[in-house]
Amino acid sequence: FPSHDIEVILGYAIFTNSKVQDLGNLQTIGGDASFVGSRIKDLSNLTKIGGSANFTNSKVQNLGNLTTIEGYAFFSNSKVQDLGNLTTIGGDANFRYSQVQDLGKLTTIGGFADFTNSQVQNLGNLQTIEGYADFRDSQVQDLGNLTTIGGNAIFSNSQVEDLGNLNTIGGNADFR
């Protein structure tokens with residue numbers, strides 16, 4: 001990183017195709033963060049992204065201390081396999097064609113959740129998806145602690161056989 005002393009970037013941070021390999025002491029990005037095609041493998045001290053985060057085609061494998069993404073999170077075609085300490089995604093969460101297998105400590109997705117063709121098998125600690133949820137052609141078998149889907153729920157051609165703790169679907173449900 002140009003300066004390992006930087007702890008906060010108030011605006012967005014774009015690492016797309018950059019030569020940066022290490023975030024140093026960076027703890028907060030106030031806006032969006034794009035890691036598309038970046039060389040960064042570990043987010044280390046970063047705890048908050050105040051906007052959206054895009055990990056498409058990045059080398060990021062470890063989210064480090066990241067607990068919050070206030071916007072959407074896009075993991076398609078990324079190397080991330082475990083969400084670790086991440087507890088909140090404030091917007092949409094796209095796991096389509098991702099390598100994510102473990103949602104870690106994630107409890108809330110503030111928008112839609114797309115698990116189409118993802119590697120996730122168990123939703124673990126996830127309690128709330130405020131938007132719609134798409135499980136088509138996914139590996140999800142266990143809804144874990146999920147109690148609420150705020151919009152439509154698509155289970156067609158999924159591995160889900162038991163709805164577990166799910167008690168509210170705010171829209172339509174497709175089980176075909």
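Just above sits the structure.
Residues numbered from 1 in each chain as written. Predicted model: local features only at pLDDT ≥ 70, side-chain atom pairs only at ≥ 80, totals over all residues. Heavy atoms only, no water.

S.K.: I'm lost on the overall build of the chain in this one. Help?
M.R.: Scanning the chain from terminus to terminus reveals zero helices and 18 strands. The C-alpha radius of gyration computed for the chain amounts to 16 Å, which stays within 12% of the reference 16 Å derived for 176 residues, consistent with globular compactness. If one aligns the C-alpha atoms of the chain with their principal axes, the spans along those axes are about 50 × 25 × 20 Å. Here the analysis covers contacts within the chain between residues at least 6 apart in sequence; of these, 1% occur between residues at least 24 apart. Taken as a whole, the chain presents about 8,100 Å² of accessible surface, with 40% of it coming from carbon and sulfur. On the chain, the mean spot of the 10 positive side-chain charges and the mean spot of the 17 negative ones are 10 Å from each other. (Helix = DSSP H or I, 4+ residues; strand = E, 2+ residues; numbered from the N terminus. Rg over C-alpha atoms; globule rule 2.2 N^0.38 Å. Contact = heavy atoms within 4.5 Å. Areas by Shrake-Rupley, 256 points an atom, 1.4 Å probe, with all protein chains shown as cover. Lys, Arg positive; Asp, Glu negative; His and termini not counted. Charge placed at Lys NZ, Arg CZ, Asp CG, Glu CD.)

S.K.: Please clarify how the environment of Asn17 should be interpreted in this entry.
M.R.: Inspection of the secondary structure assignment puts Asn17 in the loop between β2 (13–14) and β3 (28–29). Classification of Asn17 as exposed rests on a relative accessible area of 60%. The spacing of Asn17 and Phe74 is 57 residues in sequence and 17 Å in space, taken between C-alpha atoms. (Buried < 20%, exposed > 50% of the residue type's maximum accessible area, 1.4 Å probe, protein only.)

S.K.: Can you walk me through the sheet that holds strand β7 (residues 68–69) in this structure?
M.R.: As a general point, the strands of a sheet are linked pairwise by backbone hydrogen bonds and lie either parallel or antiparallel. Spatial strand order, β1-β3-β5-β7-β9-β11-β13-β15-β17: nine strands in an open sheet with parallel pairing. Across the chains shown, the open sheet's two edge strands, defined by having one partner strand only, are β1 (8–9) and β17 (168–169). Bridge analysis of strand β11 (residues 108–109) against strand β13 (residues 128–129) gives two bridges, and the strand direction is parallel. Each residue of the ladder has a partner; that of Thr108, found in β13, is Thr128. (Pairing = 2+ DSSP bridges.)

S.K.: What exactly am I supposed to notice about the environment of Lys19 here?
M.R.: Along the polypeptide, Lys19 turns up in the loop between β2 and β3. For Lys19, a relative accessible area of 66% translates into the label exposed. Between the C-alpha atom of Lys19 and that of Arg96, which follows or precedes it by 77 residues, the distance is 27 Å.

S.K.: Explanation requested: the pattern of salt bridges in the structure shown.
M.R.: Working definition: two side chains of opposite charge can pair if their charged atoms are close together. Scanning the model with the defined rule gives four salt bridges in all. The salt bridge partner of Lys48 is Glu70, with a shortest N-O separation of 3.2 Å. Placement of the pair is Lys48 in strand β5 (residues 48–49) and Glu70 in the loop between β7 and β8 (73–74), with a sequence separation of 22 residues. Taking the relative accessible area as the measure of exposure, Lys48 reaches 33% and is therefore partly exposed. Between Arg136 and Asp134 there is a salt bridge, and its shortest N-O distance comes to 2.5 Å. Using a relative accessible area of 3% as the deciding quantity, one classes Asp134 as buried. (Salt bridge = Lys/Arg side-chain N within 4 Å of Asp/Glu carboxyl O.)

S.K.: I would appreciate a short explanation of the sheet that holds strand β18 (residues 173–174) in the present structure.
M.R.: On the basis of which strands lie adjacent, the open sheet formed by nine strands has the order β2-β4-β6-β8-β10-β12-β14-β16-β18 and parallel pairing. At either margin of the open sheet sits one strand with a lone partner, and together these are β2 and β18. Pairing between β8 and strand β10 (residues 93–94): two bridges, direction parallel. Note on β10: the bridge partner recorded for Phe74 is Asn94.

Remember, this is a structural readout, not a statement about activity or role.
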